[in-house]
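Structural features, examined
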Amino acid sequence: MSSEKDIDFVLRTVEERNIRFVRLWFTDVLGNLKSFAISPEELEEAFEEGIGFDGSSIDGFVSLEESDMLAFPDPDTFTLLPWRPTESGVARVFCDVYTPSREPFDGDPRNCLLKVFTKADKMGYIPNVGPKIEYFYSDSQHELKPKDDAGYFDLTPMDNANDLRRQTTLMLEKMSIPVQYSYHAAGPSQNGVELRFTEAVSCADNIVTARLVIKQLAAQQGMYASFMPKPVAGQPGSAMFLYQSLFSHEGENLFWAPKDYHVAHLSDLAQHYVAGILKYAPEFTLVTNPTVNSYKRFISTGEVPNYATWGRKNRSALVRIPAHKPGKHVSTRIELRSPDPTANPYLALAATIAAGLKGIEEELPLPEESTRDTFLLSQKELEARGIKRLPRTLGDAIQNFEESELMREVLGDHIFEYLVQEKKREWNDYCTAVTDWEREHYYGGY
């Protein structure tokens with residue numbers, strides 16, 4: 001819980017900066033950002049008693065008969081919106097959603113991640129995550145119209161997004177979200193931004209914020225920013241890589257081990273964690289890759305995972321172990337390569353961290369490292385080695401998810417049942433689309 005000192009700081013800042021609007025942020029189950037503004041005079045009451053709103057109008061929340069919800073601002077997430085005027089300014093604060101009886105709402109994705117984080121904390125671990133988000137710029141909201149023909153890390157006059165990436169970085173840093181680096185990605189008009197690692201709940205807040213800032217600044221330049229995983233066949237897709245590690249309460253990276261202990265510098269704890277992710281990946285894929293279009297990205301290019309494997313130099317592995325600088329043990333981490341930026345970050349982090357923690361609880365052994373040669377094996381040979389294939393379609397992902405006891409336990413009945421129902425509807429609509437154009441664009445969302 002936040003202290004009175006945190007709340008007093010926010011209230012004092014609002015008064016000193018002449019903030020006239022405070023936007024309360026939360027997401028629906030699918031990860032869409034929701035917001036409503038209150039006056040500064042209402043903020044103190046919001047911290048103490050919450051602000052009521054109609055939950056029946058939020059996808060995946062509650063029925064008309066149970067519509068009353070309360071939004072409680074988290075003062076630790078308070079920040080000014082730097083693209084708004086400084087005079088009579090605007091601030092935002094993330095909220096936790098509660099029922100009228102002051103119980104955490106089971107349909108609140110942020111609460112879902114908070115529960116996983118609390119579990120890890122009780123086990124003695126602090127989950128840290130750093131995201132790398134890819135996206136496209138376009139002139140049109142309805143189809144990809146590339147702004148350049150630049151490639152990976154290119155710095156050329158044709159990269160029209162240079163200034164836009166710079167503005168995005170500066171804007172995020174004004175909101176206390178450090179950017180590790182930004183870059184032109186592999187596809188035409190494809191870009192990426194990597195945020196500095198932080199504890200898991202703050203990371204999810206930062207992802208939600210970054211997606212809005214990227215779209216906001218693009219719109220100001222007359223462009224459209226899309227997080228669609230695979231907007232164009234034959235071009236690279238967009239991922240949301242998640243760099244994960246567990247720290248102790250004393251700040252020690254618990255994933256590190258000497259190289260003479262493990263070739264990838266992974267401790268026993270880290271090995272169990274990775275094994276848990278590999279075991280449960282087919283079950284959580286619906287959460288990390290939630291759209292029809294997500295599965296158009298899973299093609300064999302050598303850059304996108306198709307199997308639940310791990311490796312060091314193999315970028316087609318589901319989990320890659322990046323090399324860290326000698327002596328910099330704090331950088332030891334895993335790179336989860338399957339998620340895409342359409343995922344609800346709260347649920348994606350809750351599901352994947354829970355899978356890793358389950359691997360620790362079950363003391364799962366880490367399978368043999370996979371190399372490029374692994375993928376020259378036949379399907380039968382891969383299965384003989386115990387290597388699971390990731391779902392190939394949204395329909396496959398739904399089936400694996402629906403049969404998962406872990407996902408029901410982690411997400412809770414409310415979110416679990418809603419996702420099954422909503423994604424079955426989406427998959428059915430896609431499968432029954434009449435024309436090829438409908439099948440290609442019905443859930444494009446470009």
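Note that the structure is a prediction, hence the values are computed from the model and not measured. (Residues numbered from 1 in each chain as written. Predicted model: local features only at pLDDT ≥ 70, side-chain atom pairs only at ≥ 80, totals over all residues. Heavy atoms only, no water.)

1. Here we look at the overall build of the protein chain
Helix and strand content of the protein chain: 11 helices and 15 strands. A compact globule built from 446 residues would reach a C-alpha radius of gyration of about 22 Å, and the protein chain, at 22 Å, matches this within 12%. Reported as C-alpha extents along the three principal axes, the dimensions of the protein chain are approximately 65 × 50 × 50 Å. The proportion of buried residues among the 446 residues of the protein chain is 56%. Of the contacts made within the protein chain by residues no fewer than 6 positions apart, 69% connect residues no fewer than 24 positions apart. For the protein chain, the accessible area works out to roughly 20100 Å², and carbon and sulfur atoms hold 48% of it. Here the protein chain carries 47 positive and 66 negative side-chain charges, and the mean point of each set is 7 Å from the other. (Helix = DSSP H or I, 4+ residues; strand = E, 2+ residues; numbered from the N terminus. Rg over C-alpha atoms; globule rule 2.2 N^0.38 Å. Buried < 20%, exposed > 50% of the residue type's maximum accessible area, 1.4 Å probe, protein only. Contact = heavy atoms within 4.5 Å. Areas by Shrake-Rupley, 256 points an atom, 1.4 Å probe, with all protein chains shown as cover. Lys, Arg positive; Asp, Glu negative; His and termini not counted. Charge placed at Lys NZ, Arg CZ, Asp CG, Glu CD.)

2. Quick word on the packing of aromatic side chains
Applying the stated criterion across every chain, the model contains 14 aromatic pairs. Arranged with centres 4.6 Å apart and planes meeting at 20 degrees, the rings of Phe-401 and Phe-416 form a pair that is stacked. Pair noted here: Phe-401 is in helix H9 (residues 394–402) and Phe-416 is in helix H10 (residues 405–431), with a separation of 15 residues, a long-range link. Residue classification places Phe-401 among the buried positions, given a relative accessible area of 0%. Following the ring pairs from residue to residue traces out a cluster consisting of Phe-26, Phe-36, Phe-53, Phe-61 and Phe-105. Over the face of the ring belonging to Tyr-307 we find Arg-389, whose NZ or CZ atom lies 5.2 Å from the ring centre. (Phe/Tyr/Trp six-rings, centres within 6.5 Å; stacked < 30°, edge-to-face > 60°. Lys NZ or Arg CZ within 6 Å of the ring centre and 35° of its normal.)

3. Let's talk about the pairing of strand E2 (residues 33–38)
Across six bridges, strand E1 (residues 19–27) lies against E2 in antiparallel orientation. Across the sheet, residue Arg-23 finds its bridge partner in E2, namely Ala-37. In textbook terms, the turn of a hairpin is the stretch between consecutive antiparallel strands, and for E1 and E2 this stretch comprises five residues, one of which, Gly-31, has a positive phi near 100 degrees. (Pairing = 2+ DSSP bridges.)

4. Considering unusual backbone geometry
The backbone phi angle of Ser-176 is positive, close to 65 degrees, even though this residue is not glycine. With respect to the helices and strands, the residue Ser-176 is situated in the loop between helix H4 (162–174) and strand E8 (179–184). On the basis of relative accessibility, which here comes to 61%, the residue Ser-176 falls in the exposed class. If you check the backbone angles, Glu-363 has positive phi at about 50 degrees while not being a glycine. By the element assignment, Glu-363 lies in the loop between helix H7 (345–361) and helix H8 (379–384). Using a relative accessible area of 59% as the deciding quantity, one classes Glu-363 as exposed.

5. Quick word on the pairing of strand E4 (residues 68–73)
Judged by how many residues are buried, E4 sits mostly within the fold: five of six residues are covered. Bridge count for strand E3 (residues 51–54) against E4 is four bridges, and the pairing is antiparallel. What sits directly across from Ile-51, in E4, is Ala-71.

6. A few points about the nonpolar core
Membership of the largest hydrophobic core comes to 98 residues, with the highest contact counts inside it found for Tyr-137, Ile-277, Leu-318, Val-319, Phe-401 and Leu-411. If you look at the next biggest cluster of nonpolar residues, it comprises 24 residues, including Val-10, Ile-51, Val-62 and Met-69. (Core = buried A, V, L, I, M, F, W, Y, C linked by side-chain atoms within 4.5 Å.)

7. Some details on the side chain of Lys-132
As for its position among the elements, Lys-132 is in strand E7 (residues 126–138). No salt bridge is formed by the buried Lys-132, whose closest oppositely charged neighbour, Glu-194, lies at an N-O distance of 4.0 Å. Among the polar contacts made by the side chain of Lys-132, one reaches the side chain of Tyr-181 at a distance of 3.3 Å. In this structure the side chain of Lys-132 is engaged in a polar contact, spanning 3.2 Å, whose partner is the side chain of Tyr-243. Look past the residues within four positions of Lys-132 in its chain and what remains in contact with it is Tyr-181, Tyr-183, Val-193, Glu-194, Ala-239, Met-240, Phe-241 and Tyr-243. (Salt bridge = Lys/Arg side-chain N within 4 Å of Asp/Glu carboxyl O. Polar contact = N/O pair within 3.5 Å; in protein donor to acceptor, adjacent residues only side chain to side chain.)

8. Focus: the packing of helix H3 (residues 109–122) against H7
Each pair of packed helices gets described by two things: the angle between the helix axes and the distance between those axes. The interhelical angle for the contact between H3 and H7, taken along N-to-C directions, is 25 degrees, at an axis separation of 8 Å. With respect to H7, the element H3 is oriented roughly parallel. The element H3 and its partner H7 pack so that their crossing is left-handed. Contacts from Pro-109, Arg-110, Cys-112, Leu-113, Val-116, Lys-119 and Ala-120 in H3 reach Tyr-346, Leu-347, Leu-349, Ala-350, Ile-353, Ala-354, Leu-357 and Glu-361 in H7. In terms of residue class, the contact of H3 with H7 is made up of 12 nonpolar, no polar and three charged. (Axes fitted to C-alpha atoms, helices over the stretch in contact; angles between N-to-C directions. Parallel < 35°, antiparallel > 145°, perpendicular 65-115°, else oblique. Left-handed = near helix turned anticlockwise from the far one by under 90°. Nonpolar A, V, L, I, M, F, W, Y, C, P; charged D, E, K, R; others polar.)

9. With respect to the confidence of the model for the protein chain
In this model, the protein chain carries an average pLDDT of 90, and 93% of its residues clear a pLDDT of 70 or more. Scored below 50 in pLDDT, residues 442–446 shows 21 contacts in the model against residues more than four places distant or in partner chains. (pLDDT = per-residue confidence, 0-100.)

10. Let's talk about the environment of Arg-17
Within the fold, Arg-17 resides in the loop between helix H1 (4–16) and E1. Along the primary structure Arg-17 and Thr-86 are separated by 69 residues, whereas in three dimensions their C-alpha atoms are 8.2 Å apart. When residues no more than four places from it in sequence are discounted, the contact partners of Arg-17 are Leu-80 and Thr-86.

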